[in-house]
Amino acid sequence: MLHAIELKPDIYWVGGVDWNERNFHGYTTDRGSTYNAYLIVDEHPTLIDTAKPGFADELVERLREIIDPAKIEYIVSNHVERDHSGSLPELCELAPNAKIVTSFPNGVRGLTAHYGERDYMPVKSGDTLSLGKHTLVFAHTPMVHWPDNMVSYCPEEKILFSNDAFGQHFASSKRFDDEVGLPEVMAQAQKYYANIVMPYSKNVGKALDALSGLEIDMIAPAHGVIWRSHVNDILETYQRWANFESQEYAVVIYDSMWHTTEKMAQSIVEAFVERGVPARLFDLKVNHISDIMTEVLDAKYIAVGSPTLNSGMMPTVAAFLCYLKGLLPKEGAKERIGIPFGSYGWAQMGPKEVAAVLEGCGLQLPCGTLTRQWTEDEEGLAELQAAVAACVE
Ligand code: FEO
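Residues numbered from 1 in each chain as written. Predicted model: local features only at pLDDT ≥ 70, side-chain atom pairs only at ≥ 80, totals over all residues. Heavy atoms only, no water.

Turning next to the overall build of the chain. If you tally the helices and strands in the chain, you get 14 helices and 19 strands. The C-alpha atoms of the chain give a radius of gyration of 24 Å, which matches the 21 Å a tight globule of 393 residues would have. With the C-alpha coordinates of the chain rotated into their principal frame, the extents come out at 75 × 40 × 35 Å. Buried residues in the chain amount to 58% of all 393 residues. Of the side chains in the chain, 32 bear a positive and 54 a negative charge, and the two mean positions are spaced by 2 Å. (Helix = DSSP H or I, 4+ residues; strand = E, 2+ residues; numbered from the N terminus. Rg over C-alpha atoms; globule rule 2.2 N^0.38 Å. Buried < 20%, exposed > 50% of the residue type's maximum accessible area, 1.4 Å probe, protein only. Lys, Arg positive; Asp, Glu negative; His and termini not counted. Charge placed at Lys NZ, Arg CZ, Asp CG, Glu CD.)

Structure follows, in structure tokens:
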């Protein structure tokens, strides 16, 4: 078993490493995940968060390397979701005198719904808790990722215990960003943001404003590795994502039956590239929707194509659009351009359904709906490319 790791004097990583997690609510977690918990050894020993159900034994074993769990006086629950609170019942049995520190009112409500009446200690934004030589300051961060979320800050060591924010689904024997390498950690953080946090970008912006006055030396999230060498990089990147800033970048997503919609998709990619806009092609038969969303986060242009099948769009495309609609922040979508396209035989319902969903997402559709009947031909594809080129500013 990986041992507990000391982050700062008397502050330890303890928690669970889930090497085999491959699907988190439909998001493919190719590198597994971790459920980080942190122990502060002080006059009033404190555990910050627990772990997903099934990881209590691992967490407790790491705790026992440092302290008798019975001595824990506070368990801070920064977030009710069960990947962080799921081992609370076991921890409460081992630490029968511990108070459970949680946000008021949503943390108390959520924990009570999951675990019944317990010794809750509700806290508001700005409340402080003295542990002895360490202090914890709490700040509510609602909807990053549930209504109950809060973060805990230790001013003496300048550590932010950020829970879901700044996390990555990433299992590793390493605990710190600089031990893994920035490109890998950023790629995992981007996939996490795009698939978990993106719909709440407005709330992320408010949370970043609330944290802006803090001196932060280390960010200890509840998933993945701990930020100690690239704190400013992840804070700046989160600000960009929270603003839902896009880049001149196109994603072209499609499914196809007899390759006409596929030829259209390839032609759309060519049209972007010829206009100097990098583009990527995603066939829904071979790409997972959560990997596509990672790319959507940065893309100004989102082209989605389906032929007509059974009087509608293909189910693969419908599943992607359902996911896209749930994740795109409404306030940012209007700055981005949607390009619905697709082929048909005798009825245009497939591409029209795509257009309706993209419009419902709030995207601009300056090209209208681009369609081809039966087969592609050079003249038709040239018209398609001209329409796409006209969308590029
Ligand atoms: Fe990692 Fe919203 O739970």
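Assignment of secondary structure puts Thr 261 in helix H9 (residues 260-274). A distance of 2.9 Å separates the side chain of Thr 261 from the side chain of Ser 343, its partner in a polar contact. (Polar contact = N/O pair within 3.5 Å; in protein donor to acceptor, adjacent residues only side chain to side chain.)

Locating Asp 164 in the fold gives a position in the loop between strand E13 (159-163) and helix H5 (177-180). Buried charge without a partner: Asp 164 forms no salt bridge, and the closest opposite charge is Lys 52, 12 Å away. Polar side-chain contacts of Asp 164 include one of 3.3 Å to the side chain of His 223. Once you skip the residues sitting within four places of it in the chain, Asp 164 turns out to touch His 79, Glu 81, Asp 83, His 84, Val 144, His 145, Asn 149, Tyr 192, Ala 222, His 223 and Tyr 238. (Salt bridge = Lys/Arg side-chain N within 4 Å of Asp/Glu carboxyl O. Contact = heavy atoms within 4.5 Å.)

Strands pair in a sheet through their backbones, by hydrogen bonds, and they do so in one of two ways: parallel or antiparallel. Sheet architecture is open: five strands sit in the order E10-E11-E12-E13-E14, paired in mixed fashion. Each edge of the open sheet carries a strand with a single partner, namely strand E10 (128-130) and strand E14 (218-221). The average undirected angle you get between the axes of adjacent strands in this sheet is 20 degrees. (Pairing = 2+ DSSP bridges. Axes fitted to C-alpha atoms, helices over the stretch in contact; angles between N-to-C directions.)

For helix H6 (residues 182-197), a buried count of twelve out of 16 residues is recorded, marking the element as mostly surrounded by other parts of the structure. All of the buried residues in H6 are Val 185, Met 186, Gln 188, Ala 189, Gln 190, Lys 191, Tyr 192, Tyr 193, Ala 194, Asn 195, Ile 196 and Val 197.

Read from one edge to the other, the open sheet built from five strands follows the order E16-E15-E17-E18-E19, with strand pairing classed as parallel. A strand with exactly one partner marks an edge of an open sheet, and here the two such strands are strand E16 (279-283) and strand E19 (370-373). In this sheet, neighbouring strand axes are inclined to one another by 15 degrees on average, regardless of whether the strands run parallel or antiparallel. Pairing geometry for strand E18 (residues 337-344) and E19, over four bridges, is parallel. What sits directly across from Phe 341, in E19, is Leu 370.

Moving on, we get to the state of the cysteines. Scanning the model with the defined rule gives one disulfide in all. Linked covalently through their sulfurs, Cys 367 and Cys 391 form a disulfide whose S-S length is 2.1 Å. Highlighted residues: Cys 367 in the loop between helix H13 (349-360) and E19 and Cys 391 in helix H14 (residues 378-391), separated in sequence by 24 residues. A single burial state applies to Cys 367 and to Cys 391, both of which are buried. Between Cys 361, a free cysteine, and Cys 322, which holds the nearest cysteine sulfur, the sulfur-to-sulfur gap is 9.8 Å. (Disulfide = S-S within 2.5 Å.)

The final tally for this structure, using the stated rule, is eight aromatic pairs. Judged by centre distance (5.0 Å) and plane angle (45 degrees), the rings of Phe 272 and Tyr 301 are tilted. Within this pair, whereas Phe 272 is found in helix H9, its partner Tyr 301 is found in strand E17 (residues 299-305), the two being separated by 29 residues in sequence. Taking the centre distance of 6.0 Å and the plane angle of 45 degrees together, the rings of Trp 346 and Trp 374 count as tilted. Of this pair, Trp 346 sits in the loop between E18 and H13 while Trp 374 is found in the loop between E19 and H14, placing the two residues 28 residues apart along the sequence. Judged by its relative accessible area of 77%, Trp 346 falls in the exposed class. (Phe/Tyr/Trp six-rings, centres within 6.5 Å; stacked < 30°, edge-to-face > 60°.)

Residues Phe 320 and Leu 321 are the most contacted members of the largest nonpolar core, which totals 60 residues. For this core, the leading source of residues is H6, giving eight residues. Every residue in contact with Phe 320, bar those within four places of it in the chain, is listed here: Ile 253, Leu 284, Ile 289, Ile 292, Met 293, Val 296 and Val 304. Ranked by size, the runner-up nonpolar core spans 26 residues in total, among them Val 60, Ile 72, Leu 91 and Tyr 115. (Core = buried A, V, L, I, M, F, W, Y, C linked by side-chain atoms within 4.5 Å.)

On the surface, Asp 57, Glu 61, Glu 65, Glu 90 and Glu 93 cluster together to form a negatively charged patch. Looking at the negative patch, the elements that each hand over two or more residues are helix H1 (56-64) and helix H3 (88-94). On the accessibility criterion, Glu 65 (37% relative accessible area) is partly exposed. (Patch = residues over 30% accessible without salt bridge, like charges linked within 9 Å, V, L, I, M, F, W, Y side chains within 5 Å. Areas by Shrake-Rupley, 256 points an atom, 1.4 Å probe, with all protein chains shown as cover.)

With that settled, consider unusual backbone geometry. Omega for the bond connecting Phe 104 with Pro 105 falls within 30 degrees of zero, at 5 degrees, which places this linkage in the cis form. Relative to the elements of secondary structure, Pro 105 occurs in the loop between strand E8 (99-103) and helix H4 (106-115). Of note in this structure, Phe 166 is not a glycine but carries a positive phi near 70 degrees. Inspection of the secondary structure assignment puts Phe 166 in the loop between E13 and H5. Non-glycine residue Trp 374 carries a positive phi angle of around 65 degrees.

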